[in-house]
Amino acid sequence: MNKFLSGLLLAGLLSISAQADFVRVEAGVGMWSQSIDGTIKYDNNPAFTTDTLGYGTVENPYAWIFIKHPIPILPNLRLEYAAVEFSGTSTQNFMFLNKPFPAGTTSSLTMDQIDAILYYNILDNTFWTTIDLGLDIKTMQGAFKADVTTPLGSIINVDESTNLVIPMAYGRLRVELPITDIGGELEVKYLEYSGSKVLDASIKVDYTLVDIIPFVDLGIEVGYRKQTIDLDSSDISSLNTSLKLDVDGAFIGIVGRF
């Protein structure tokens, strides 16, 4: 019995060692179809909706890459980029930066994001299941611009911008279908603080086309992503604008596994 248990232990250690002796890199790039809904409020000005601004559905690029290394004590690294940009012409009056803007104002809202994620593998393709947990540092480059020329010829405009760094809990679940090249993933980033909350969640299915290029497996991914950005200016000293926004939509992209 002791020899049997020793054999199992040795086999397990050799298996772990074999899996740890390599670095794995995966990357993806694609387009995210985004719709936006919610309200924007500057300081004590009345809140106004994204419908008021005339924002519709847009397509913006995204990209991601992760590096998994064989050193257990050090976290792995995942980097993500998502452009979030809307523009339109307002259908109603609104106020921003204490300035009144009439219907017909052109405006743009930008919330481009870079995520730097440090994570650990809790499960690494064990029974076709992978679980990652870690910390996401999301950097959001936000800007709101509005411009209009009144019937009397005067110009009203604003150009307000800010950069926010948002630490978030990170989790990822991946399940692969045995004897296929199909996998499914759920990825969640979350932060709640006082009256503010940020959620960034996506679900996807991918299919890998193996051996198309030497040393690279290419595939496609299709999914749905939703962000809830609920930021209260009273919680963040550098922010004068409160946001209650939902950004969501389907995405499709190309995946490379090295």
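We now turn to the structure provided with this report. This is a predicted model, so every value here is computed, not measured.

**Some points on the overall build of the protein**
Within the protein one finds two helices and 14 strands. A globule of 258 residues ought to have a C-alpha radius of gyration of about 18 Å, yet the protein, at 23 Å, is considerably larger. Each principal axis of the C-alpha distribution contributes one length, and for the protein these read about 90 × 40 × 20 Å. Within the protein, buried positions represent 38% of all 258 residues. Restricting to contacts in the protein with at least 6 residues of sequence separation, those with at least 24 account for 65%. Counting only carbon and sulfur atoms, one obtains 65% of the accessible surface of the protein, whose full area is about 13,800 Å². Side-chain charges of the protein comprise 17 positive and 31 negative groups, with the mean position of each set lying 4 Å from the other.

**Topic: unusual backbone geometry**
The phi angle at Leu-97 is positive, at roughly 55°, despite the residue not being glycine. Mapped onto the elements of the fold, Leu-97 is located in the loop between strand 6 (94-96) and strand 7 (99-101). For Leu-97, a relative accessible area of 24% corresponds to the partly exposed category. For Asn-125, which is not glycine, the phi dihedral falls at a positive 55°.

**Notes on the pattern of salt bridges**
Using the criterion set out here, one finds 20 salt bridges in the structure. The partner of Glu-26 in a salt bridge is Arg-257, and the shortest N-O contact between them spans 3.1 Å. Pair noted here: Glu-26 is in strand 1 (residues 24-42) and Arg-257 is in strand 14 (residues 241-257), with a separation of 231 residues, a long-range link. Each member of the pair, Glu-26 as well as Arg-257, is classed as buried. In this structure, Asp-206 engages Arg-174 in a salt bridge whose closest nitrogen and oxygen atoms are separated by 2.7 Å. With Asp-206 in strand 12 (residues 196-213) and Arg-174 in strand 10 (residues 155-176), this residue pair connects regions lying 32 residues apart in the sequence. Arg-174 carries the same exposure label as Asp-206, and that label is buried. Members of the salt-bridge network, linked through shared partners, are Arg-24, Glu-26, Lys-68, Asp-124, Asp-132, Arg-172, Arg-174, Glu-176, Glu-185, Asp-206 and Arg-257.

**Points about the pairing of strand 3 (residues 58-68)**
The sheet contact formed by strand 1 and strand 3 spans 11 bridges and is antiparallel. Pairing of Gly-28 across the sheet is with Trp-64, part of strand 3. Pairing between strand 3 and strand 4 (residues 76-82): six bridges, direction antiparallel. Looking across to strand 4, one finds that Tyr-62 is bridged to Ala-82.

**With respect to empty space enclosed by the protein**
Going through the model one piece at a time under the given rule, you end up with one cavity of 30 Å³ or more. Roughly 190 Å³ of volume is contained in the largest cavity. Lining the largest cavity are 15 residues, with Trp-64, Glu-187, Ser-202, Arg-225 and Phe-251 positioned closest to its centre. For the lining of the largest cavity, the secondary structure elements donating two or more residues are strand 3, strand 4, strand 11 (182-193), strand 12 and strand 13 (216-231). Considered class by class, the residues forming the lining of the largest cavity number seven nonpolar, one polar and seven charged.

Rules behind the numbers
- Residues numbered from 1 in each chain as written.
- Predicted model: local features only at pLDDT ≥ 70, side-chain atom pairs only at ≥ 80, totals over all residues.
- Heavy atoms only, no water.
- Helix = DSSP H or I, 4+ residues; strand = E, 2+ residues; numbered from the N terminus.
- Rg over C-alpha atoms; globule rule 2.2 N^0.38 Å.
- Buried < 20%, exposed > 50% of the residue type's maximum accessible area, 1.4 Å probe, protein only.
- Contact = heavy atoms within 4.5 Å.
- Areas by Shrake-Rupley, 256 points an atom, 1.4 Å probe, with all protein chains shown as cover.
- Lys, Arg positive; Asp, Glu negative; His and termini not counted.
- Charge placed at Lys NZ, Arg CZ, Asp CG, Glu CD.
- Salt bridge = Lys/Arg side-chain N within 4 Å of Asp/Glu carboxyl O.
- Pairing = 2+ DSSP bridges.
- 1 Å grid on protein atoms, 1.4 Å probe; cavity = no way out; pocket = protein on both sides within 12 Å on 5 of 7 lines; lining within 4 Å.
- Points joined across faces, edges and corners; volume = space filled by probe spheres on them.
- Nonpolar A, V, L, I, M, F, W, Y, C, P; charged D, E, K, R; others polar.

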